[in-house]
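# An overview of the molecular structure
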Number of protein chains: 2
Amino acid sequence: MTQLLKGKEVADALTERLQNQTAELQRRGVKPCLTIVRVGENDSDLSYERGAMKRAEKVGVTVKQYIFEETISQEELLGGIEEINEDASIHGVLIFQPLPKQIDDAAVRKALRPEKDVDGITEGSLAGIFTGTHRGFAPCTARACMEILDHYGIDLIGKRVAVLGRSLVIGKPVAMMVMEKNGTVTVCHSKTGKEAMIEICQNSDVLIAAMGRAAMIDKSYVKAGQTVIDVGINVNEEGKLCGDVDFDSVSPLCGAITPVPGGVGAVTTAVLMLQVIEAAKLSV
Amino acid sequence: MTQLLKGKEVADALTERLQNQTAELQRRGVKPCLTIVRVGENDSDLSYERGAMKRAEKVGVTVKQYIFEETISQEELLGGIEEINEDASIHGVLIFQPLPKQIDDAAVRKALRPEKDVDGITEGSLAGIFTGTHRGFAPCTARACMEILDHYGIDLIGKRVAVLGRSLVIGKPVAMMVMEKNGTVTVCHSKTGKEAMIEICQNSDVLIAAMGRAAMIDKSYVKAGQTVIDVGINVNEEGKLCGDVDFDSVSPLCGAITPVPGGVGAVTTAVLMLQVIEAAKLSV
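Residues numbered from 1 in each chain as written. Chains lettered and ligands numbered in written order. Predicted model: local features only at pLDDT ≥ 70, side-chain atom pairs only at ≥ 80, totals over all residues. Heavy atoms only, no water.

## Notes on the side chain of Asn234 of chain B
All names here are of chain B. With respect to the helices, strands and loops of the structure, Asn234 is situated in strand E9 (residues 234-235). In this structure Asn234 comes out as buried when scored by relative accessible area, which is 11%. Of note is the side chain of Asn234, whose polar atom sits 2.9 Å from the side chain of Asp244. Beyond its immediate stretch of four places on either side in the chain, Asn234 contacts Gly212, Arg213, Ala214, Lys240, Leu241, Cys242, Gly243 and Asp244. (Helix = DSSP H or I, 4+ residues; strand = E, 2+ residues; numbered from the N terminus. Buried < 20%, exposed > 50% of the residue type's maximum accessible area, 1.4 Å probe, protein only. Polar contact = N/O pair within 3.5 Å; in protein donor to acceptor, adjacent residues only side chain to side chain. Contact = heavy atoms within 4.5 Å.)

And the structure:
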């Protein structure tokens, strides 16, 4: 029987662990606080924000909101970031991107202190992932993949892992995290070629799909017993939400698989809280 | 016939190109300058320094030396770095590591400006490699591998590349550079297991060996026509210099191979000069 790797189960377990940690921090007089920086009223930002706030409440993390008009100037926004940097009561920051076109995203990322960068967008965080020094934090979705594997007891030591996609948000950081767990990682991308990609996937124990291409991975890529982590969130031709993996084709064959929706995406806000709490611990 | 990928040929071609560039910079009033920071009189540091100074003279790069006693304090050394940071006539810096035990290497790396970090040791440089933004510079040996492939017209687009070793000096940065050239990279390491490593190497078009284990890679890892880049510099049981690749076993089978000595190591000082000149160009 194929095991369904449900995100909710991982998020619930994480939430319970984090509740204990916030209670413990509270006793020491520390109230973990996340600040959300949002410019404008983008629907998907608002939806993620609602999810994050619900999760924060459950876990015992305070949320402060910095909400700006779509027309904000670069100077004002950087002023806000500076205020957040200096505010010792704020431990972690989530900045929704992309920002409006009058704003230089890179300048905003540069302004944020890596110590508060719980969404892994600063150079300091990315360097920390690359070097394994754990300065700053990983992008939440990349870490969510690792939390799922960890929760279900899927060890990576000496395992072959195929990462499909080389973005800075998933592919590259997840490859580094796999390496840190002593897995042997191959990073495939648009230039890899279908034949090679099939061969690489077939020879892997774990497959992490993050290409952003709806249902691209069918059973021809998969071998029996394999673990499949599907990071994709796409809308297919029928207007239905689907992953990068063709679930109906792959799930009868593989050993374990994350559904979409209800897989990786369901873990990200819990990971965000985990990182806020880690930041709060490091601040004391 | 197996092609011998000679480092000298690459270094000579690079030197000629760089001579033209320093002449052009000179006409614009810019004299590219490398500063070497050495603490104590370590033999291998002195030997590399001599090589670098010879190469600098050929290319038309000025060298300044900051030489400190083995007993230098952290404060004094950081003072020297600060002076170098502020000196607009200095474009690139090479700091020999490891430093004596009273010195915190990490603090020294942190003090150096990534813009002058032509040896790729700062967090800024490593983040630049990871993100592909080219802030700072790559470690010279990692880039030397890429310069060799480039010089001999070995294109990586859609090719399979096995990187053996996951160090911050070679394995990880070279993997990122391969990805940037649109190659499909697998990073093997001590936990990969011999059987898997043989299979991965056999399925690769290019093999970059940087494990630091004398003559570990024999013909069982190699397929006909493969390109083999040997980054290892080891001393074998007979006291002879040798690479990570067993040259006599592998060279009759593969398509192209770098010798040791005379391969990657022969290119590093030319790459160092290349990066000093790039830093000088960016400074104007």
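From this point on, the discussion continues.
## Structural notes on the relation of the copies chain A and chain B
Screw-axis analysis of chain A against chain B gives a translation of 0.0 Å along the axis, an RMSD of 0.0 Å, and a rotation angle of 180 degrees. What the rotation and shift describe, once combined, is the action of a two-fold rotation axis. Residue by residue, 100% of the interface of chain A is reproduced at the interface of chain B, so both copies engage with the same surface. (Least-squares fit on C-alpha atoms with pLDDT ≥ 70 in both.)

## Remarks on the sheet that holds strand E11 (residues 256-257) of chain A
With mixed pairing, the twelve strands of this open sheet are ordered in space as E1(A)-E11(A)-E8(A)-E7(A)-E5(A)-E6(A)-E6(B)-E5(B)-E7(B)-E8(B)-E11(B)-E1(B). With partners counted over all chains shown, the strands left at the sheet margins are strand E1 (3-4) of chain A together with strand E1 (3-4) of chain B, one partner each. Pairing of strand E5 (residues 160-164) of chain A with strand E6 (residues 184-188) of chain A involves five bridges; the strand directions are parallel. Residue Val163 of chain A lies in a different strand from E6 of chain A, and its bridge partner there is Val187 of chain A. Along the sheet face, helix H6 (residues 140-151) of chain B touches strand E7 (206-209) and strand E8 (227-230) of chain B and points at about 150 degrees away from the line of E8 of chain B. (Pairing = 2+ DSSP bridges. Axes fitted to C-alpha atoms, helices over the stretch in contact; angles between N-to-C directions.)

## A few points about the interface of chain A and chain B
Counting residues at the interface gives 32 residues for chain A, matched by 32 residues for chain B. Of all residues in chain A, Glu123, Phe130 and Met179 of chain A give up the largest surface area on contact with chain B, accounting jointly for 23% of the area buried on that side. Across the salt bridge formed by Arg160 of chain A and Glu199 of chain B, the nearest N and O atoms sit 3.5 Å from each other. For the pair chain A and chain B, the number of links is 15 residue pairs in polar contact (both at pLDDT 80 or more). (Buried area = accessible area lost by both parts, 1.4 Å probe. Salt bridge = Lys/Arg side-chain N within 4 Å of Asp/Glu carboxyl O.)

## What about the domain arrangement of chain A?
For chain A, the assigned domains are domain 1 (30-114) and domain 2 (140-265). The gap between the C-alpha centroids of domain 1 of chain A and domain 2 of chain A is 30 Å. (Domains from an automatic or database assignment.)

## Thoughts on the packing of aromatic side chains
All chains considered together, the criterion is met by five aromatic pairs over all chains. Taken together, a centroid distance of 6.3 Å and an interplanar angle of 90 degrees make the contact between Tyr48 of chain A and Phe96 of chain A edge-to-face. Linking Tyr48 of chain A in helix H2 (residues 43-59) with Phe96 of chain A in the loop between strand E4 (92-95) and helix H4 (105-111), this pair joins segments that are 48 residues apart in sequence. The side chain of Lys172 of chain A reaches across the aromatic face of Phe130 of chain B, ending 6.0 Å from its centre. (Phe/Tyr/Trp six-rings, centres within 6.5 Å; stacked < 30°, edge-to-face > 60°. Lys NZ or Arg CZ within 6 Å of the ring centre and 35° of its normal.)

## Structural notes on the UniProt feature "domain: Tetrahydrofolate dehydrogenase/cyclohydrolase NAD(P)-binding" (unreviewed entry) in chain A
In the numbering adopted here, UniProt assigns the feature "domain: Tetrahydrofolate dehydrogenase/cyclohydrolase NAD(P)-binding" (unreviewed entry) to residues 139-282 of chain A. Note that residues 139-282 of chain A is 35% helix and 17% strand, and that its end C-alpha atoms are spaced 18 Å apart. (UniProt positions renumbered as here; feature names shortened; annotations may be inferred.)

## Some thoughts on unusual backbone geometry
Residue Gln97 of chain A is joined to Pro98 of chain A through a cis peptide bond whose omega torsion reads -5 degrees. Here Pro98 of chain A lies in the loop between E4 and H4. Of note, the amide linkage connecting Val260 of chain B to Pro261 of chain B takes the cis form, showing an omega dihedral of 0 degrees. With respect to the helices and strands, the residue Pro261 of chain B is situated in the loop between strand E11 (256-257) and helix H10 (268-283). Positive phi is not limited to glycine here, since His134 of chain B has a value of about 60 degrees. When you line up the elements, His134 of chain B lands in the loop between helix H5 (123-131) and H6. Despite not being glycine, Asn182 of chain B shows a phi value in the positive range, around 70 degrees.

## Comments concerning the pairing of strand E3 (residues 62-68) of chain A
Where a strand is regular, its side chains alternate between the two sheet faces. Residues and elements named next belong to chain A. Where strand E2 (residues 33-39) meets E3, seven bridges bridge the pair, whose relative direction is parallel. By the bridge assignment for E3, Thr35 is matched with Lys64. A crossover connection joins E2 to the parallel E3 through H2; in handedness this β-α-β unit is right-handed. (Right-handed = clockwise from strand over helix to strand, strands pointing away.)

## Focus: helix H3 (residues 74-86) of chain A
Here H3 of chain A spans 18 Å end to end across 13 residues, near enough to the 18 Å set by a 1.5 Å rise per residue. Taken together, the buried residues of H3 of chain A touch E2, E3, E4 and H4 of chain A. (Expected span 1.5 Å × (residues − 1).)

## Some thoughts on the environment of Arg55 of chain B
Residues and elements named next belong to chain B. Following the sequence through the fold, Arg55 ends up in helix H2 (residues 43-59). A residue is classified by how much of its surface remains accessible, and Arg55, at 12% relative accessible area, is buried. Spatially, the C-alpha atoms of Arg55 and Val260 are 20 Å apart, while their sequence positions differ by 205 residues. A distance of 3.4 Å separates the side chain of Arg55 from the side chain of Thr269, its partner in a polar contact.

## Comments concerning the UniProt feature "domain: Tetrahydrofolate dehydrogenase/cyclohydrolase catalytic" (unreviewed entry) in chain A
Following the UniProt record, one finds the feature "domain: Tetrahydrofolate dehydrogenase/cyclohydrolase catalytic" (unreviewed entry) at residues 5-119 of chain A. Taken as a whole, residues 5-119 of chain A contains 50% helix and 16% strand, while its terminal C-alpha atoms sit 23 Å from one another.

## Details of helix H7 (residues 171-180) of chain B
Side chains that are three or four residues apart share a direction in an α-helix, a result of its 3.6 residues per turn. When you tally the buried positions in H7 of chain B, you get nine out of ten residues, the bulk of the element. All of the buried residues in H7 of chain B are Gly171, Lys172, Pro173, Val174, Ala175, Met176, Met177, Val178 and Met179 of chain B.

## So, the packing of helix H1 (residues 7-27) of chain B against H10 of chain B
Residues and elements named next belong to chain B. Running from N to C, H1 and H10 point in directions that differ by 25 degrees, and their axes come no closer than 10 Å. Between H1 and H10, the angle falls in the class roughly parallel. The hand of the H1/H10 crossing is left-handed. Note on element contacts: H10 touches H1 through Ala270, Val271, Met273, Leu274, Ile277, Ala280 and Lys281, opposite Ala11, Leu14, Leu18, Gln21, Thr22 and Leu25. For the contact of H1 with H10, the class distribution of residues is ten nonpolar, two polar and one charged. (Parallel < 35°, antiparallel > 145°, perpendicular 65-115°, else oblique. Left-handed = near helix turned anticlockwise from the far one by under 90°. Nonpolar A, V, L, I, M, F, W, Y, C, P; charged D, E, K, R; others polar.)

## Considering the pattern of salt bridges
Side-chain pairing between opposite charges can occur once the charged atoms of the two side chains come close. All names here are of chain A. Under the definition given, this model contains 22 salt bridges over all chains. Here Glu49 ties to Arg38 by a salt bridge, and the two come within 2.4 Å at their closest N and O atoms. Residue Glu49 is located in helix H2, and its partner Arg38 is located in strand E2; the two are separated by eleven residues in the primary sequence. The same class applies to Glu49 as to Arg38, namely buried. A single network of salt bridges, built from pairs that share partners, joins Arg38, Glu41 and Glu49.

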